[in-house]
Amino acid sequence: MTLLDAVLSLSEAPVRDEALQRILRALAQVTAADALSVLAAAEDGSVGVAAQIGLSPAALGISFQPAEHPRLRRAALAAGPIRFLDPSEPDPYSGWLLGSAGEINPIHACMAIPLRVQGRLAGLLTLDACDPHGLRGLRDEDARVFAGLCAGALRLDAGLAPALATEAGLALSGAPGGPALPGRSAAMQRIEREIAMLAPLPVPVLITGETGVGKELVARALHERSPRAGRALVIVNCAAIPAQLVESELFGHRKGAFTGATAARAGRFEAAHGGTIFLDEIGELPLPAQAQLLRALQEGEIQPVGEDRARRVEVRVVAATNRDLRREVAEGRFRADLFHRLWVYPICVPPLRERREDIPALSERFAAEVAAELGAERVDFTEPALLALTQGAFPGNVRELKNTVQRAALRRTIAEGKSAAGRQLVLRREDIDPVEAVAGDAPERPGALLLEPAGAPLWLGDAPPEEPVAPLVETLERARREAFARAFRAAGGNAATAGRLLGLSRSFAYKEAVRLGLVPAPRKR
């Protein structure tokens, strides 16, 4: 869980230095380092201690000029993790080690990893262990992951967006195809931030959400905004592969491995070598294939069916499911070790009914696509038509909304009796499926308007509201309780996940859930 804790630091920590401190604490749990620090680069070329563990408190804020320190100079120019083996090189932290005012013994373990943002040095991550073998257990690839998290935290100075998006080559409104999921809701903004932070990292990502919410769009964004963007993105629908062919499809087979294997075939993992593989509906994988997948994630190896030797592959795994994998694990249908390997950082895409404010932007996007398909100059909506869409139930989520817009455009074209090519098409309320709108067949009359411009009366006719109006405080409290209840149900009771769904910190989400009576209060010791 230490890597998950480090990743969560980026979304839960209020400021940069707190995020860095949390990441260092997580790193300290998996190493024997006596001192860890993050040095942030300044405009004058110096690097200053922004966060540290194991150094004297006075070390916080001190600066070094890399040109004056051989180890820092080499680290700043390195392409990746570097271990210092020459004891004659002075250590910049001599005299700063906690509990020791003297020089650090020259024979000790020392390591540094450059922190880069778009090729520019943003800082350094350093580790020192008094035991000469104290850092042997930390693999370079794991050090790179923690370094990537530290680099992401250094960007918190200017906020997560838009400065973060600009540095990452990701314009939230100007990237190819726009945001991963168009919309202005807090949930979509959170997902954009998560994509921006996770895309450069090699960690597995699990995308959860109901059918049709756009999980594949998130997977594509993670790939396209990563260093792997120039390599293949291989998409696999695990639910569509016959159970007896899953291992062959994913990992390949040799000629004659089974009946019908008339020739050797590479699997999807080999096809994705150097790139990304997206395993959609991963909850449908049979248990034998899950064991192979776990090996691919842990060791970077696959074993084609019928072969005795494993093959090395270098692939980033992004998976998606609409199942509750915790329940699948409890009921024995999904391996617990694979679940924990995938659950490094889950991205939960909420259903459309919980982010109705995104429906207008999505509808406009789909209208533009329909216009291109029909050859129309453009496709627009009347206000009642757009209002009907925003009130729709859409159990099929974004996919159903897209189908609804397409049907409405076809209905309007048929109703007007002429081709849409070269002209403007304006969709009306009657073009929207009645069954897909909460308002049903309510007529478009002034006395029944649900929304009005600012300053206009809500009721223009004689009909009064059907239900008594509750005090505003009670209404808001009831809505607050329902929102928290939905989030904690969707998160399986996990306060950190529920907090991310709500756009809140884990601690605030937990305290508020306790206040609302949704989770039990902690026992007093």
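Here we summarise the structure given alongside this text.

How each quantity is defined
- Residues numbered from 1 in each chain as written.
- Predicted model: local features only at pLDDT ≥ 70, side-chain atom pairs only at ≥ 80, totals over all residues.
- Heavy atoms only, no water.
- Pairing = 2+ DSSP bridges.
- Helix = DSSP H or I, 4+ residues; strand = E, 2+ residues; numbered from the N terminus.
- Contact = heavy atoms within 4.5 Å.
- Axes fitted to C-alpha atoms, helices over the stretch in contact; angles between N-to-C directions.
- 1 Å grid on protein atoms, 1.4 Å probe; cavity = no way out; pocket = protein on both sides within 12 Å on 5 of 7 lines; lining within 4 Å.
- Points joined across faces, edges and corners; volume = space filled by probe spheres on them.
- Nonpolar A, V, L, I, M, F, W, Y, C, P; charged D, E, K, R; others polar.
- Core = buried A, V, L, I, M, F, W, Y, C linked by side-chain atoms within 4.5 Å.
- Buried < 20%, exposed > 50% of the residue type's maximum accessible area, 1.4 Å probe, protein only.
- Salt bridge = Lys/Arg side-chain N within 4 Å of Asp/Glu carboxyl O.
- Arc of directions from axis to C-beta.
- Polar contact = N/O pair within 3.5 Å; in protein donor to acceptor, adjacent residues only side chain to side chain.

So, about the sheet that holds strand β2 (residues 47-53). Strand order in the open sheet formed by six strands is β3-β2-β1-β6-β5-β4, with antiparallel pairing between adjacent strands. Whereas interior strands pair on both sides, the edge strands pair on one side only; in this sheet they are β3 (63-64) and β4 (82-83). Contacting β1 (35-41), β2, β3, β4, β5 (109-117) and β6 (120-129), helix α3 (residues 70-77) runs over the sheet at an angle of about 40 degrees to β5. Helix-sheet contacts for helix α4 (residues 140-154) involve β1, β4, β5 and β6, and the interaxial angle to β5 is about 50 degrees.

The next point concerns the layout of surface pockets. Empty space within the second largest pocket amounts to approximately 970 Å³. Broken down by element, the lining of the second largest pocket gets its largest block of residues, seven residues, from helix α16 (residues 472-490). Class assignment of the residues belonging to the lining of the second largest pocket gives a composition of 18 nonpolar, eight polar and twelve charged.

With 53 residues, the main nonpolar core has Leu125, Leu127, Ile207 and Leu222 as its most contacted residues. The element that contributes the greatest number of residues to this core is α4, accounting for nine residues. Leaving out residues up to four positions away in the same chain, Leu222 has contacts with Ile195, Leu198, Ala199, Val205, Ile207, Arg316, Val318 and Ile347. With 30 residues, the next largest nonpolar core counts Ile241, Leu293, Leu297 and Val313 among its residues.

Where side chains of opposite charge bring their charged atoms close, a pairing between them can arise. If you walk through the whole model with that rule in mind, you get 31 salt bridges. We note a salt bridge from Glu328 to Arg333, for which the minimum N-O separation is 2.9 Å. Relative accessible area serves as the criterion here: at 39%, Arg333 is assigned to the partly exposed category. Sharing partners across several salt bridges, the network here consists of Arg412, Glu416, Arg423, Arg428, Glu430 and Asp431.

Moving on: the pairing of β5. Judged by how many residues are buried, β5 sits mostly within the fold: eight of nine residues are covered. By the bridge criterion, two bridges tie β4 to β5 in an arrangement that is antiparallel. Counterpart to Arg83 in the pairing with β5 is Met111. Bridge analysis of β5 against β6 gives nine bridges, and the strand direction is antiparallel.

Turning our attention to empty space enclosed by the protein. Counted by the stated rule, this structure contains two cavities of 30 Å³ or more. The computed volume of the largest cavity comes to approximately 50 Å³. In this structure, the largest cavity is lined by Arg71, Leu72, Phe84, Asp91, Pro92, Tyr93, Cys110, Ala112, Thr126 and Asp128. Residue composition of the lining of the largest cavity, by class: six nonpolar, one polar and three charged.

Among the residues of helix α18 (residues 506-515), those classed as buried are Ala509, Glu512 and Ala513. The buried side chains of α18 occupy one side of the element, clustering within an arc of 100 degrees when seen end-on. A positive backbone phi angle near 80 degrees is found at Gly517, which sits one or two residues after α18.

Glancing now at the side chain of Gln52. Tracing the backbone through its elements, the reader meets Gln52 in strand β2. Among the polar contacts made by the side chain of Gln52, one reaches the main-chain amide nitrogen of Gly54 at a distance of 3.5 Å.

Here Arg341 shows up in helix α12 (residues 336-342). Accessibility expressed as a relative area gives 32% for Arg341, which makes it partly exposed. Separated by 44 residues in the primary sequence, Arg341 and Leu297 have C-alpha atoms spaced 7.7 Å apart. In contact with Arg341, not counting residues within four places along its chain, are Pro204, Leu294, Leu297 and Gln298.

At Phe394, a residue that is not glycine, the phi angle is positive and equals roughly 50 degrees. Within the secondary structure, Phe394 sits in the loop between α14 (383-390) and α15 (397-416). By relative accessible area, which is 2% here, Phe394 ends up buried. Not every positive phi belongs to a glycine, and Asn397 is a case in point at roughly 60 degrees. Tracing the backbone through its elements, the reader meets Asn397 in helix α15.

The next point concerns α3. Within α3, burial applies to Arg71, Leu72, Ala75 and Ala76. Taken around the axis of α3, the buried residues stretch over an arc of 130 degrees, which confines them to a single face.

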